[in-house]
Amino acid sequence: MTKILGLDLGTNSIGWAVVETENHKTFQLLDKGVRIFQRGYGDEHQDVSRASERTRVRSARKLIYRRKGRKIELLRLLRNEYHPFHDEELVNWHKNRKYPIRKEIQEWFKLNPYQLRNDAIDGLKLSKLELGRIFYHYTQRRGFKSNKKDSSSYSVIENEKNKNLPKDIEYDQTYINKHGSKACSTVLYEKHQKTERIRNTSEKNEISRITLQRDFLQICQSQSLSPQFTEEVRKVIFDARPL
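From a predicted model like this one, the values you see are computed outputs, not experimental measurements.

Novice: Is there a simple way to explain the packing of aromatic side chains in this structure?
Specialist: Here a ring pair, both rings aromatic, is described through the centre-centre distance and the interplanar angle of the planes. Summed over all chains, the structure comprises 13 aromatic pairs. Seen in terms of ring centroids, Tyr82 and Phe229 are 5.6 Å apart; in terms of plane orientation they differ by 25 degrees. Their pairing is stacked. Within this pair, whereas Tyr82 is found in the loop between helix H1 (52-78) and helix H2 (87-96), its partner Phe229 is found in helix H11 (residues 227-238), the two being separated by 147 residues in sequence. Relative accessible area serves as the criterion here: at 8%, Tyr82 is assigned to the buried category. For Phe229, a relative accessible area of 16% corresponds to the buried category. Taking the centre distance of 5.6 Å and the plane angle of 70 degrees together, the rings of Trp108 and Tyr136 count as edge-to-face. One end of the pair, Trp108, is in helix H3 (residues 103-109); the other, Tyr136, is in helix H5 (residues 128-140), with 28 residues separating them in the sequence. Of the two residues, Trp108 and Tyr136, neither departs from the other in class, the shared state being buried. Put simply, the rings of Phe85, Trp93, Tyr99, Trp108, Phe109 and Tyr136 pair up and form one aromatic cluster. Arg133 extends its terminal NZ or CZ atom over the ring of Trp108, reaching a point 5.8 Å from the ring centre.

In structure tokens:
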């Protein structure tokens, strides 16, 4: 005689039964039952992991920390010629979470980054403080990037020919088809002049990181910045944080 244990696994219960059989032709039930326990996720109205809320908050905390780190790294790279922050203020902001508040800093943030970006694209010569405001704005709005493929490099725009494109390449092509040769900064400034909302719109969601990198490089070229300096700033703003 052979005994067989059967299990029925549920979200908060396990049903079981033991049968006895001979040559798998006849079966005799020996015992049965069910063990009920607390669900490992959600509640009776929502099927979500109990850890989902903790995970969501932790992810948001990491995102904020990395954004702040990227801003501080950029400001340290640019030094005081491009922004009004002092070195000790950056250290205090990074370590003690004390954001510096001074009149010079507040005046710097009042500069309109969309207008400055458009002026830079048009070839107007900007001061270093104005360029610093543009670069800082890029760290805040650096565009969509897909994890589908490694597509952080600007050069992939020119050379990608196959149909299996990363999502940010697809978004870049959508943007190009819609706006043609218009620079991203020009399009955004036109919307700003019409008092149209720029953030949290489908227009913003169509802008990929590659589109903004093209825009950034065009600004650096029009302002006659050195290739070495341009690449250092580009890496801080657009490249992923090294593991």
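Novice: Looking at this model, I keep getting lost on the pattern of salt bridges. Mind explaining?
Specialist: Opposite charge on two side chains lets them pair, provided their charged atoms get close. Under the counting rule described, the total for this entry stands at seven salt bridges. The shortest N-O distance in the salt bridge between Arg117 and Asp215 comes to 3.4 Å. Of this pair, Arg117 sits in helix H4 (residues 113-121) while Asp215 is found in helix H10 (residues 209-222), placing the two residues 98 residues apart along the sequence. Using a relative accessible area of 1% as the deciding quantity, one classes Arg117 as buried. Each of Glu89, Arg102 and Glu104 takes part in one network of salt bridges that share partners.

Calculation notes
Residues numbered from 1 in each chain as written. Predicted model: local features only at pLDDT ≥ 70, side-chain atom pairs only at ≥ 80, totals over all residues. Heavy atoms only, no water. Phe/Tyr/Trp six-rings, centres within 6.5 Å; stacked < 30°, edge-to-face > 60°. Helix = DSSP H or I, 4+ residues; strand = E, 2+ residues; numbered from the N terminus. Buried < 20%, exposed > 50% of the residue type's maximum accessible area, 1.4 Å probe, protein only. Lys NZ or Arg CZ within 6 Å of the ring centre and 35° of its normal. Salt bridge = Lys/Arg side-chain N within 4 Å of Asp/Glu carboxyl O.

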